[in-house]
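Chains, contacts and geometry: an overview
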Amino acid sequence: DAKTTQPTSMDCAEGRAANLPCNHSTISGNEYVYWYRQIHSQGPQYIIHGLKNNETNEMASLIITEDRKSSTLILPHATLRDTAVYYCIVRVRGSGNTGKLIFGQGTTLQVKP
Amino acid sequence: NAGVTQTPKFRILKIGQSMTLQCAQDMNHNYMYWYRQDPGMGLKLIYYSVGAGITDKGEVPNGYNVSRSTTEDFPLRLELAAPSQTSVYFCASTTGQGSGGYTFGSGTRLTVV
């Protein structure tokens, strides 16, 4: 599975958009980009995933560059409850694979009042 | 629908003792995983299973054993506990089909003294 690189930490003002970048320059054509977050040592929570098209759900938007070598997770209106560690992970698509998620260090997002 | 249930939530073990961390899911997921998370670090994969009767090692399997006799349950066994196994343990599951998200349990906090 491809390796990801994320900034160690970021700050964001409450109510503003939080844009979290992720580099995955060695991603393969059959690998998805997943985003999870972990709030204060709770179990990780699924946010969103995508293959090559931009995706949006009730929590966030995921923008993947055309060459798929990087992506950005966007929290449109960050709240204090969004303070967490955010993990960007790539994994192989399709049944028959192991589905392993390999976590990196993630980005600690601090939302400030 | 309880999702992924882990027991116990907390446990203190003495060096050399053994114990089993329980993980159960009621979503009929084929794929299950055990992770550990040391303080300030990301999650490391210990063992995983792609179906009943099938298990395989992850990144950090030493000192642990698993079994998967049913689809629902995936217990993690610690033999001869060591202080290095002090950690928070998370269990996760997914369907394994396509690109579905993963559901994590709330974790077991283990201290070995």
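No experiment lies behind these values; they were computed from the predicted model shown.

Re the overall build of chain B
Helix and strand counts for chain B stand at 0 helices and 11 strands. Shown N-terminal to C-terminal, the secondary structure of chain B runs as helices and strands in the order β-β-β-β-β-β-β-β-β-β-β. Expected size for 113 residues packed as a compact globule is a radius of gyration near 13 Å; at 13 Å, chain B falls within 12% of this value. Overall size of chain B, expressed as C-alpha extent along the three principal axes, is 40 × 25 × 25 Å. A burial count over chain B gives 45% of its 113 residues as buried. Counting only contacts in chain B whose residues sit at least 6 apart along the sequence, the fraction spanning at least 24 positions is 54%. Accessible surface computed for chain B: about 5100 Å², of which carbon and sulfur atoms make up 53%. Averaged over its 9 positive side-chain charges, chain B has a centre that lies 9 Å from the centre of its 7 negative ones.

A few points about the packing of aromatic side chains
Inspection of every chain in the model, using the stated rule, returns 16 aromatic pairs over all chains. Ring geometry for Tyr87(A) against Phe103(A): centres 5.1 Å apart, planes inclined by 85 degrees, an arrangement best described as edge-to-face. Remark: Phe103(A) occurs in the loop between β8 (84–92) and β9 (107–112) and Tyr87(A) occurs in strand β8; sequence separation between them is 16 residues. Note on Tyr33(B) and Tyr102(B): the rings are 5.6 Å apart at their centroids and 50 degrees apart in plane angle, and the pair reads as tilted. A residue pair is termed long-range when its members are at least 10 positions apart, and Tyr33(B) in strand β4 (residues 31–37) and Tyr102(B) in the loop between β9 (87–94) and β10 (103–104) qualify at 69 residues. On the accessibility criterion, Tyr33(B) (0% relative accessible area) is buried. Through pairs of rings, three or more aromatic residues link up here, namely Tyr32(A), Tyr34(A), Tyr36(A), Tyr46(A), Tyr87(A), Phe103(A), Tyr33(B), Tyr35(B), Tyr48(B), Tyr102(B) and Phe104(B). Over the ring of Phe74(B) we find Arg68(B); its NZ or CZ atom is 5.9 Å from the centre of that ring.

Looking at the interface of chain A and chain B
Taken together, the contacts link 24 residues of chain A with 24 residues of chain B. Across the chain A to chain B interface the summed buried area is about 1800 Å²; carbon plus sulfur atoms make up 50%. Seen at the junction of chain A and chain B, the total is 0 salt bridges. Elements that contribute at least two residues to the side of chain A that touches chain B include exactly β3 (31–38), β4 (45–50) and β8 of chain A.

Rules behind the numbers
Residues numbered from 1 in each chain as written. Chains lettered and ligands numbered in written order. Predicted model: local features only at pLDDT ≥ 70, side-chain atom pairs only at ≥ 80, totals over all residues. Heavy atoms only, no water. Helix = DSSP H or I, 4+ residues; strand = E, 2+ residues; numbered from the N terminus. Rg over C-alpha atoms; globule rule 2.2 N^0.38 Å. Buried < 20%, exposed > 50% of the residue type's maximum accessible area, 1.4 Å probe, protein only. Contact = heavy atoms within 4.5 Å. Areas by Shrake-Rupley, 256 points an atom, 1.4 Å probe, with all protein chains shown as cover. Lys, Arg positive; Asp, Glu negative; His and termini not counted. Charge placed at Lys NZ, Arg CZ, Asp CG, Glu CD. Phe/Tyr/Trp six-rings, centres within 6.5 Å; stacked < 30°, edge-to-face > 60°. Lys NZ or Arg CZ within 6 Å of the ring centre and 35° of its normal. Buried area = accessible area lost by both parts, 1.4 Å probe. Salt bridge = Lys/Arg side-chain N within 4 Å of Asp/Glu carboxyl O.

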